[in-house]
2 protein chains.
Amino acid sequence: MEKKQETIKNLKRLGSKVTGDIEKGENPSLDVPIRTLSNVKYDPTRKMITMGSGMAKRYFFNVGHVRKFVQTVEAAALAKELNEMNKHLSLREAFYRMKRTLPDSNINLVDEQEESNEAIEDLELITGASRELLHVNANKLGSIAGKVVIEDKGDVIDWSKLGSGGWSIPSNVEDIVFKKVDAKFIIYLEKAAEWERLHEDRVWEKLNCIIISSQGQATRGIRRLLQRLHLEYKLPVYILVDGDPWGAYIYSVIKYGSISLAHISQELAIPGARMLGLTAEDVVKYDLKKHIIKFEEVDIKRLEQVKNYDWFKDNKEWQKQFKLWKELNGKVELAALASKGITFISDHYIPDKIKNKEFLD
Amino acid sequence: MEKKQETIKNLKRLGSKVTGDIEKGENPSLDVPIRTLSNVKYDPTRKMITMGSGMAKRYFFNVGHVRKFVQTVEAAALAKELNEMNKHLSLREAFYRMKRTLPDSNINLVDEQEESNEAIEDLELITGASRELLHVNANKLGSIAGKVVIEDKGDVIDWSKLGSGGWSIPSNVEDIVFKKVDAKFIIYLEKAAEWERLHEDRVWEKLNCIIISSQGQATRGIRRLLQRLHLEYKLPVYILVDGDPWGAYIYSVIKYGSISLAHISQELAIPGARMLGLTAEDVVKYDLKKHIIKFEEVDIKRLEQVKNYDWFKDNKEWQKQFKLWKELNGKVELAALASKGITFISDHYIPDKIKNKEFLD
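Residues numbered from 1 in each chain as written. Chains lettered and ligands numbered in written order. Predicted model: local features only at pLDDT ≥ 70, side-chain atom pairs only at ≥ 80, totals over all residues. Heavy atoms only, no water.

A.B. asks: Just to check I follow, could you spell out the overall build of chain A for this structure?
C.D. replies: The helix and strand inventory of chain A stands at 14 helices and 17 strands. The C-alpha extent of chain A, read off along each of the three principal axes, is 75 × 45 × 40 Å. A fraction of 72% describes how many contacts in chain A between residues 6 or more apart in sequence connect residues 24 or more apart. Summed over all atoms, the accessible surface of chain A reaches about 15,100 Å², with 52% contributed by carbon and sulfur. Each charge sign in chain A was given a centre, from 57 positive and 54 negative side chains, and these centres are 3 Å apart. (Helix = DSSP H or I, 4+ residues; strand = E, 2+ residues; numbered from the N terminus. Contact = heavy atoms within 4.5 Å. Areas by Shrake-Rupley, 256 points an atom, 1.4 Å probe, with all protein chains shown as cover. Lys, Arg positive; Asp, Glu negative; His and termini not counted. Charge placed at Lys NZ, Arg CZ, Asp CG, Glu CD.)

A.B. asks: Got a minute to help me understand the interface of chain B and chain A in this structure?
C.D. replies: Interfaces are often sized by the accessible area lost when the parts come together. Listed as interface residues are 62 residues of chain B and, on the opposing side, 62 residues of chain A. Buried area between chain B and chain A, summed over both chains or domains, comes out near 4,700 Å², and the portion from carbon and sulfur atoms is 49%. Taken as a group, B:Tyr96, B:Glu200 and B:Ile342 account for 15% of the area that chain B buries against chain A, more than any other trio of residues on that side. Counting across the interface, chain B meets chain A through six salt bridges. One salt bridge connects A:Glu93 with B:Arg197, and the closest N-O pair in it is separated by 3.6 Å. Where chain B packs against chain A, one counts 40 residue pairs in polar contact (both at pLDDT 80 or more). (Buried area = accessible area lost by both parts, 1.4 Å probe. Salt bridge = Lys/Arg side-chain N within 4 Å of Asp/Glu carboxyl O. Polar contact = N/O pair within 3.5 Å; in protein donor to acceptor, adjacent residues only side chain to side chain.)

A.B. asks: Even after reading the chapter, I still don't get the packing of helix 1 (residues 2-23) of chain A against helix 2 (residues 66-85) of chain A, so can you show me in this structure?
C.D. replies: Each pair of packed helices can be summarised by the angle the axes make with each other and by the distance between the axes. Residues and elements named next belong to chain A. Their axes nearest at 10 Å, the elements helix 1 and helix 2 cross at an angle of 145 degrees. Helix 2 is crossed by helix 1, and the crossing has left-handed handedness. Here Lys4, Thr7, Ile8, Leu11, Lys12, Leu14 and Val18 of helix 1 come into contact with helix 2, specifically with Phe69, Ala76, Ala79, Lys80, Asn83 and Glu84. For the contact of helix 1 with helix 2, a count of residues per class yields seven nonpolar, two polar and four charged. (Axes fitted to C-alpha atoms, helices over the stretch in contact; angles between N-to-C directions. Left-handed = near helix turned anticlockwise from the far one by under 90°. Nonpolar A, V, L, I, M, F, W, Y, C, P; charged D, E, K, R; others polar.)

A.B. asks: What exactly am I supposed to notice about the nonpolar core here?
C.D. replies: Burial of nonpolar side chains together is a common tendency in soluble globular proteins. The biggest cluster of nonpolar side chains holds 214 residues, and the ones touching the most others in it are A:Trp159, A:Ile187, A:Leu225, B:Trp159, B:Ile187 and B:Leu225. In this structure B:Leu225 touches B:Ile144, B:Trp159, B:Ile169, B:Val173, B:Ile176, B:Phe178 and B:Ile212, once residues within four positions along its chain are discounted. (Core = buried A, V, L, I, M, F, W, Y, C linked by side-chain atoms within 4.5 Å. Buried < 20%, exposed > 50% of the residue type's maximum accessible area, 1.4 Å probe, protein only.)

A.B. asks: Teacher, can you tell me more about the pattern of salt bridges here?
C.D. replies: Enumeration according to the criterion identifies 68 salt bridges over all chains in this entry. In this structure, A:Lys340 engages A:Asp287 in a salt bridge whose closest nitrogen and oxygen atoms are separated by 3.6 Å. With A:Lys340 in the loop between strand 17 (330-331) and helix 14 (344-355) and A:Asp287 in the loop between helix 10 (280-285) and strand 16 (293-294), this residue pair connects regions lying 53 residues apart in the sequence. A:Lys340 sits in the partly exposed class, given a relative accessible area of 34%. The salt bridge involving B:Glu121 is made with B:Arg35; its shortest N-O contact spans 2.6 Å. Residue B:Glu121 is located in helix 4 (residues 113-127), and its partner B:Arg35 is located in the loop between strand 1 (29-33) and strand 2 (40-43); the two are separated by 86 residues in the primary sequence.

A.B. asks: Quick question: what am I supposed to make of the sheet that holds strand 8 (residues 148-152) of chain B here?
C.D. replies: Pairing between the strands of a sheet comes from backbone hydrogen bonds, and it takes one of two forms, parallel or antiparallel. Residues and elements named next belong to chain B. The sheet built from three strands is open, its strands ordered 9-8-11 with antiparallel pairing. Taken across any chain shown, the strands that pair with only one partner, and hence form the sheet edges, are strand 9 (155-158) and strand 11 (177-181). Sheet twist, expressed as the mean angle between neighbouring strand axes with direction ignored, is 20 degrees. Relative to strand 11, strand 8 runs antiparallel, the two being bridged by four bridges. Directly across from Glu151, in strand 11, lies its bridge partner Val177. (Pairing = 2+ DSSP bridges.)

A.B. asks: What am I meant to see in the pairing of strand 8 of chain B here?
C.D. replies: Along any regular strand, the residues point their side chains to alternate faces of the sheet. Burial within strand 8 of chain B is extensive, with four of its five residues counted as buried. Between the antiparallel neighbours strand 8 of chain B and strand 9 of chain B lie two residues, among them B:Lys153 with a positive phi of about 55 degrees.

A.B. asks: In this structure, what is going on with the packing of helix 11 (residues 297-307) of chain B against helix 13 (residues 316-328) of chain B? I would like to understand it.
C.D. replies: Residue and element names in this part refer to chain B. Remark: helix 11 packs on helix 13, axes separated minimally by 10 Å, with the N-to-C direction vectors making an angle of 165 degrees. On the basis of the axis angle, helix 11 is roughly antiparallel to helix 13. Considering how the two elements wind past one another, helix 11 and helix 13 form a crossing that is left-handed. Contacts between helix 11 and helix 13 involve Leu303, Glu304, Val306 and Lys307 from the first element and Gln319, Phe322, Trp325 and Lys326 from the second. (Parallel < 35°, antiparallel > 145°, perpendicular 65-115°, else oblique.)

A.B. asks: What exactly am I supposed to notice about the pairing of strand 3 (residues 48-51) of chain A here?
C.D. replies: Residues and elements named next belong to chain A. Of the two faces of strand 3, the one holding Met48 and Thr50 and the one holding Ile49 and Met51 are both buried throughout. Sheet topology places strand 2 (residues 40-43) next to strand 3; four bridges connect them, and they run antiparallel. For Val40, the partnering residue across the bridge sits in strand 3 and is Met51.

A.B. asks: Explain the relation of the copies chain B and chain A to me, please; I cannot follow it from the model alone.
C.D. replies: Its rotation angle being 180 degrees, the transformation that places chain B on chain A also includes 0.0 Å of axial translation and leaves an RMSD of 0.0 Å. The two molecules are tied by a two-fold rotation axis, judged by turn and shift. When each C-alpha of chain B is compared by its distance to the rotation axis, B:Ser168 comes out closest, at 2.1 Å. Mapped onto chain A, 100% of the interface residues of chain B are again interface residues, and the two copies thus contact each other with one and the same surface. (Least-squares fit on C-alpha atoms with pLDDT ≥ 70 in both.)

A.B. asks: What is the right way to read the sheet that holds strand 8 (residues 148-152) of chain A from this model?
C.D. replies: All names here are of chain A. Pairing within the open sheet is antiparallel, and its three strands lie in the order 9-8-11. The sheet terminates laterally at strand 9 (155-158) and strand 11 (177-181), the two strands that pair on one side only. Strand-to-strand twist of the sheet, defined as the mean angle between neighbouring strand axes without regard to direction, takes the value 20 degrees.

A.B. asks: Which parts of the structure should I look at to understand the domain arrangement of chain A?
C.D. replies: Residues and elements named next belong to chain A. Along its sequence, chain A is organised into domain 1 (2-137) and domain 2 (143-355). When each unit is reduced to the centre of its C-alpha atoms, the spacing between domain 1 and domain 2 is 33 Å. On the domain 2 side, the residues contacting the 20 residues of domain 1 number 18 residues. Contact between domain 1 and domain 2 buries roughly 1,900 Å² in total, counting both sides, with carbon and sulfur atoms accounting for 58%. The largest share of the area that domain 1 buries against domain 2 comes from Tyr42, Ile49 and Glu132, three residues that together contribute 34% of it. (Domains from an automatic or database assignment.)

Pasting the structure below:
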């Protein structure tokens, strides 16, 4: 609830700034950090994709600024209403909520979701409050299991007692209270099917860890949950993705953040996260060559792109990975480990790699 | 466990048939129901997409048959092993498991997942056991909340006490035991964001129902869970999808089944399911015209296709819907109801429609 009061205070400050300008007879303005690519960079010291300090002034009495100015103020009003009501909206619902027609006109405040999204992102920057604190939610996805007890919305939930399904991760994990965390580390899985594999084999119980999955790219809710457990309980985070440039990128977003959400890296990135697999060396060691799925042009292109990202390009271990993948000229999926045995990934691959500290950093 | 013994018995029967043929010196053969489109039809009496009775014989000593024959037998061996181990595999893992190289050759038993999928589907038909009973799982997706207590894998899980996340639906729900079902009906939602809307507003508590979501098309796990609750507890199933031909199709798959899974309609289809919204009439009644997203060519094409499906083409109410959508010439999303109020869908739209029995059948 502290955070909520802080957010409302921040939003009110924005409103007071604007009404203050009006009372003083000045052109109402907002200071907005610049979000263009030129103001985004990888910070090797903090190991995070961060925003520079570039700022721009946005004026009400300026034909080029007024639409964005009003949209930002509307987003602030909506965020304040949501916080006061203690309700949340999805980005899509927020768009519809902001898409109102201005009185005595046929002008909609927003016409495309891109506009409301940008207004909300600007608001994150202006107020320093993440979208989650503004009560606008991203997509909901993913499952979790492990020896952790949480409290959420008045319910006490034991992640180790939820049958074959596990707990469904909400889009917003800000209000979750951790009551008891017995797990020693976290395994993040790119694929829901691999999560079911590990869950059925009770890996979280045998290795005393937490298992968490998305389906493809990790959502903000998943990333925040990983980060909170990592920071608040010092739990190591191990990433398991398919062996291909797309997997490497999923790993890098969890670890370093992303360009489009650079302004919020502080709340999402986990520089301490490490890659457990699947590595190019695994393909040889575990005899998976026959399961290589030949790269298509789009994969080769992606490999070149990912290889040259600032956060990878000076990393010798990763450059070696990319070189090996290029030589293998194809990807290998985590599921291919099933060829070694139904529970091979759970009984051998993961425990062995963790025991031998075979991580990529 | 009864079902498991039954499945193993069915699989053994298949094996005995083949070894029996060998012992008798006959050409080993399997009787496989035909799964081509010509053998699939909509049965208006049962209100289900079903398979005809066409059968084909598949021989071992037949150059055109042998590959499929061996794949089917391999799938049966794998399913037996999985049942005996009490383990499950995803379709993808099953593919890798079956992709072994035959001794003294460079021939893989399967080269593409399409082959292992087909072998498993054939096995469903031959044994009468669904893929779930064969222990091969489809994708995992979706969340559920409501006044229901289940037992699963030895855990007792109360779907009304799982915080903001809800229970994460597993890919396989065959072994779930319902301990207590207080809910009176089920609301299925196409979008996870709308599920979060209803969950935050505690619709399941206020209306005493179950809320369940996928993201897009419902998975087999979700459909089976809906069907089990519908059949075992006589709970009405109300479908909420976006107002467009894609939403209509999601509804029709839950209700009537699908062509590709026609052989398993009995285990998946819910002829009693009804559409709650979003209807073309809603667009007018709830003043949503300004939120219409103009159809693109692909939407118009899809509308024509869906309109002409056997299960829709003689349904007057649905033909009227399709006509109205064509006139509106665009789709309207459930999220657009947020324009009427943050909790409008939960406080007014859904309760009013249910009270007034505004269903499409």
